[in-house]
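Here are the chains, one letter per residue:
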Amino acid sequence: MPVSKDEFDQLHPCDFYTPAELLDPDQMYTVYEIARMLQELDPDAEIDAETETILLDWAIPWVISNSDDLVVADPRDDDEPGYYGLATEE
């Protein structure tokens, strides 16, 4: 159910990092690492599974909406996720 804006003490702009602001151009990241970084956490930060699920709810749409600025690589092993990186001109 919708909630009145008046119920909140403070409202913030809905700003997200651009891929160039978030990602090192020489590195590839899993969506799990991107999810942490979008929340200003270390990409290797230990978080519980429930929190990780919530962070992925933000990261997956971010990857999709920024797909023009990203490259993707297949997993190196069957038990790994895929990797995303900043698209650069080479």
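Structure: above.
Below is a short write-up of the structure.

## Regarding the sheet that holds strand 3 (residues 83-86)
Within the open sheet, the 3 strands sit side by side as 1-3-2. Their pairing is antiparallel. Looking at which strands have only one partner, the edges of the open sheet turn out to be strand 1 (28-29) and strand 2 (70-73). Pairing of strand 1 with strand 3, which is carried by 2 bridges, proceeds in the antiparallel orientation. Bridge pairing links Tyr29 to Tyr84 in strand 3.

## A few points about the packing of aromatic side chains
Under the defined criterion, the tally for this structure stands at 1 aromatic pair. Taking the centre distance of 5.6 Å and the plane angle of 45 degrees together, the rings of Phe16 and Trp58 count as tilted. Placement of the pair is Phe16 in the segment before helix 1 (19-22) and Trp58 in helix 3 (residues 49-65), with a sequence separation of 42 residues. Relative accessible area serves as the criterion here: at 43%, Phe16 is assigned to the partly exposed category.

## Notes on helix 2 (residues 31-38)
Most of helix 2 sits out of view: 7 of its 8 residues are buried. Within helix 2, the full set of buried residues consists of Val31, Glu33, Ile34, Ala35, Arg36, Met37 and Leu38. Looking at the packing, one finds that the buried side of helix 2 touches helix 1, strand 1, helix 3 and strand 3. At the C-terminal side of helix 2, Glu40 shows a positive phi close to 60 degrees.

## Regarding the pattern of salt bridges
Oppositely charged side chains can pair when the atoms bearing their charge come close. Counted according to the given criterion, the structure contains 2 salt bridges. Of the charged contacts in the structure, one is a salt bridge between Glu52 and Arg36, with a shortest N-O distance of 2.8 Å. Taken together, the residues Glu52 in helix 3 and Arg36 in helix 2 connect sequence positions 16 residues apart. On the basis of relative accessibility, which here comes to 9%, the residue Arg36 falls in the buried class. Measuring nitrogen to oxygen at the nearest pair gives 2.7 Å for the salt bridge that ties Glu80 to Arg76.

## Section: the layout of surface pockets
A volume near 190 Å³ is recorded for the largest pocket. Forming the walls of the largest pocket are Pro13, Cys14, Asp15, Phe16, Tyr17, Leu38, Gln39, Glu40 and Trp58. Partitioning the lining of the largest pocket into residue classes produces 6 nonpolar, 1 polar and 2 charged.

Cut-offs and rules
Residues numbered from 1 in each chain as written. Predicted model: local features only at pLDDT ≥ 70, side-chain atom pairs only at ≥ 80, totals over all residues. Heavy atoms only, no water. Pairing = 2+ DSSP bridges. Helix = DSSP H or I, 4+ residues; strand = E, 2+ residues; numbered from the N terminus. Phe/Tyr/Trp six-rings, centres within 6.5 Å; stacked < 30°, edge-to-face > 60°. Buried < 20%, exposed > 50% of the residue type's maximum accessible area, 1.4 Å probe, protein only. Contact = heavy atoms within 4.5 Å. Salt bridge = Lys/Arg side-chain N within 4 Å of Asp/Glu carboxyl O. 1 Å grid on protein atoms, 1.4 Å probe; cavity = no way out; pocket = protein on both sides within 12 Å on 5 of 7 lines; lining within 4 Å. Points joined across faces, edges and corners; volume = space filled by probe spheres on them. Nonpolar A, V, L, I, M, F, W, Y, C, P; charged D, E, K, R; others polar.

Function cannot be inferred from these measures alone, as they are strictly geometric.
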